[in-house]
Amino acid sequence: MLPVNLAYFLEVARAGSVTEAAQSLNVAPSAVSRQIAKLESGLGVPLFVRHPRGMTPTEAGLRLLAHARRTEAESASLVEELRSGGGAAARSVVVACSEGFAQRLVPLAVVELRRDHPDVAFRVDVVQRQEATRRVVEGLADVAVTYAMGPQADVRVECSVVVPVTALVPYGHPLAGRDRVGLAELCGYPLALANPGTSQRELFDIGVRLEGLSVRPALVCDALAPQYAFVRAGGGIALVGDLGDLDDTGLAHVRVDHPVFRQREAQVQTAAVRRLPWAATRSAELLTEALLRASGE
């Protein structure tokens, strides 16, 4: 259902050359070249950098590529809805989310929707926060539940809440029972932290620099389960978002008191221009409700 020139552009971007795109489309290479030239002429910008062995999208080409992928995904979704009668039966919903949300929040929303619509099938892709957003933008996922810092391009934010960062400690720890702990006091204990580059670690490092502190983590790991095991075994403290994490039985959450952590928000995201089928729309609504409940809003 894509226009011919956009379909040819998309295939050239995928294949990396006019010749390979023509073979995939089962047309002459000259026909592909003409469509690309016509598209570039109409837009007034080059869409590809030509190399002796292929073609790579320019910056403008990358933006058009993202649009073409969204359009392609939207068309496929519409065709599937029309063929299935437009109902939720036999629908599949793809949710991309970061790990913490995959532990509780997303599965509970899946169960809630399937109580009334057992024919809806889900796939949950657990990925890094920026990858979750990218998949929604490019039509590879219907909904993303992830953390974000700052405005996000090409997404519709269905829900956005600030999630407190907490120090996870076992009962009996000196901090257990406290409402809050400052960074300076926190850094006096062995810490389990996420890898550099994650949103929480990025903000933690900023806060540490602002306070003039020096920290050498006892454990660095992106996965939640090893961090929880580290805390349970008495190894020290882990920093977690107080939302949708693993079973915290026997553990206490103590809020880390520093304004830097307010820069991160938990969001439910969908594509800004994509028309979602009913099942995906309802999933986004349920995930929004779950996120608001979990955050206490």
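Below, the structure is looked at part by part. Just so it is clear, the structure is predicted and the values come from calculations on it, not from any experiment.

Across the interface, helix α2 (residues 18-25) lies against helix α3 (residues 29-43) with an axial gap of 8 Å and an inter-helix angle of 110°. Relative to α3, the element α2 is oriented roughly perpendicular. Here α2 and α3 pass one another in a crossing that is right-handed. In this structure, α2 contributes Val18, Ala22 and Leu25 to the contact, and α3 contributes Pro29, Val32 and Ser33.

On to the packing of aromatic side chains. Going through the model one piece at a time under the given rule, you end up with two aromatic pairs. Ring geometry for Phe9 versus Phe48: centroids 5.3 Å apart, planes at 50°, classification tilted. One end of the pair, Phe9, is in helix α1 (residues 4-15); the other, Phe48, is in strand β1 (residues 48-51), and 39 residues separate them in sequence. Pairing Phe101 with Tyr147 gives two aromatic rings, centres 5.0 Å apart and planes at 45°, and the pair type is tilted. Separated by 46 residues along the polypeptide, Phe101 in helix α5 (residues 99-103) and Tyr147 in strand β5 (residues 143-148) bring together distant segments of the chain. The same class applies to Phe101 and to Tyr147, which are both buried. Above the face of the Tyr147 ring, Arg264 is positioned so that its terminal group lies 3.6 Å from the ring centre.

Looking now at the pattern of salt bridges. Taken as a whole, this structure holds 13 salt bridges when the rule is applied. A salt bridge links Glu11 to Arg14; its shortest N-O distance comes to 3.7 Å. Here Arg14 and Glu11 lie together in helix α1, a separation of three residues that amounts to about one turn. Classification of Arg14 by relative accessible area gives partly exposed; the value is 44%. With its nearest N and O atoms 3.0 Å apart, the salt bridge here joins Arg201 to Asp205.

Take the layout of surface pockets next. Here the largest pocket is characterised by a volume of approximately 440 Å³. Lining the largest pocket are 23 residues, with Ser98, Glu99, Gln128, Thr198 and Asp222 sitting closest to its centre. Listing elements by their share of the lining of the largest pocket, those giving two or more residues are α5, α7 (129-137), α9 (199-211), α10 (224-232) and β11 (237-241). Element by element, the count of residues in the lining of the largest pocket is highest for β11, at three residues. Among the residues forming the lining of the largest pocket, the class breakdown is eight nonpolar, ten polar and five charged.

Turning to empty space enclosed by the protein, a few remarks are in order. The final tally for this structure, using the stated rule, is one cavity of 30 Å³ or more. Forming the boundary of the largest cavity are Val95, Val106, Ala109, Val110, Leu113, Phe122, Ser283, Leu286 and Leu287. The dominant element in the lining of the largest cavity, judged by the number of residues it contributes, is helix α6 (residues 105-116), at four residues.

A word on the sheet that holds β11. Read across the sheet, six strands follow the order β8-β12-β7-β11-β9-β10 without closing on themselves; strand pairing throughout is mixed. The open sheet has two edge strands with one neighbour each: β8 (180-181) and β10 (219-220). Alignment of strand β7 (residues 165-170) against β11, held across four bridges, turns out to be antiparallel. Within the sheet, the bridge partner assigned to Ala167 lies in β11 and is Leu239. Taken strand by strand, α10 contacts β7, β9 (191-193), β10, β11 and β12 (251-256), and its axis lies near 140° from that of β11.

With that settled, the discussion passes to the nonpolar core. In this structure, Phe101, Leu105, Val106, Val145, Ala266, Leu287 and Leu291 are the most contacted members of the largest nonpolar core, which totals 27 residues. Elements that contribute at least two residues to this core include exactly β3 (92-97), α5, α6, β5, β6 (155-162), β13 (265-271) and α11 (278-295). Tallying contributions element by element places α11 first for this core, with seven residues.

It is at 9 Å that the axes of α6 and α11 come closest, and there the two elements cross at 130°. Put simply, α6 runs oblique to α11. Helix-helix and strand crossings are classified by hand; for α6 and α11 the assignment is right-handed. Here Leu105, Val106, Ala109, Glu112 and Leu113 of α6 come into contact with α11, specifically with Ala279, Arg282, Ser283, Leu286, Leu287, Ala290, Leu291, Arg293 and Ala294.

Cut-offs used in this document
Think of each chain on its own: its residues are numbered from 1, step by step along the sequence as written. In keeping with the predicted nature of the model, local features appear solely for residues at pLDDT of at least 70, side-chain atom pairs appear and are counted solely at 80 or more, and the whole-chain, interface and lining totals rest on all residues. Excluding hydrogens and water, the side-chain figures rest on all heavy atoms present in the structure. Here the axes come from fitting lines to C-alpha atoms, over the contacting stretch only for helices, and the angles between their N-to-C directions go from 0 to 180 degrees. Each helix is a run of H or I in the DSSP string that is no shorter than four residues. Each strand is a run of E no shorter than two, and both are numbered from the N terminus. Each angle is binned into one of four classes, with values under 35 degrees roughly parallel, values over 145 roughly antiparallel, values of 65 to 115 roughly perpendicular, and all other values oblique. Crossings are assigned a handedness: left-handed for a near helix turned anticlockwise from the far helix by less than a right angle, right-handed for a clockwise turn. Whether two residues are in contact is decided by their heavy atoms: any pair within 4.5 Å suffices. Only rings of Phe, Tyr and Trp enter the pairing, Trp through its six-membered ring, and a pair is recorded when the two centres are within 6.5 Å. The plane angle decides the type: under 30 degrees is stacked, over 60 is edge-to-face, the rest tilted. To sort residues, take the accessible area from a 1.4 Å probe on protein chains only and compare it with the maximum for the residue type: under 20% means buried, over 50% means exposed, and anything in between is partly exposed. Should the NZ of a Lys or the CZ of an Arg lie within 6 Å of a ring centre and within 35 degrees of the ring normal, that charge is described as sitting over the ring. Within this document, salt bridges are pairs made up of a side-chain nitrogen of Lys or Arg and a carboxyl oxygen of Asp or Glu, the two lying within 4 Å of each other. The definitions used throughout rest on a 1 Å grid laid over the protein atoms alone, on which a cavity is an enclosed set of points accommodating a 1.4 Å probe that cannot get out and a pocket is an open set flanked by protein within 12 Å on both sides along at least five of seven lines; lining residues are those having an atom within 4 Å of a point. Grid points are joined across faces, edges and corners, and a volume is the space filled by probe spheres set on the points. Residue classes follow a fixed rule: Ala, Val, Leu, Ile, Met, Phe, Trp, Tyr, Cys and Pro count as nonpolar, while Asp, Glu, Lys and Arg count as charged, and any other residue, Gly among them, counts as polar. Criterion used throughout: strands pair if DSSP finds at least two bridges between them. By nonpolar core is meant a set of buried Ala, Val, Leu, Ile, Met, Phe, Trp, Tyr and Cys residues that side-chain atoms within 4.5 Å join together.

Keep in mind these values describe shape, not function.
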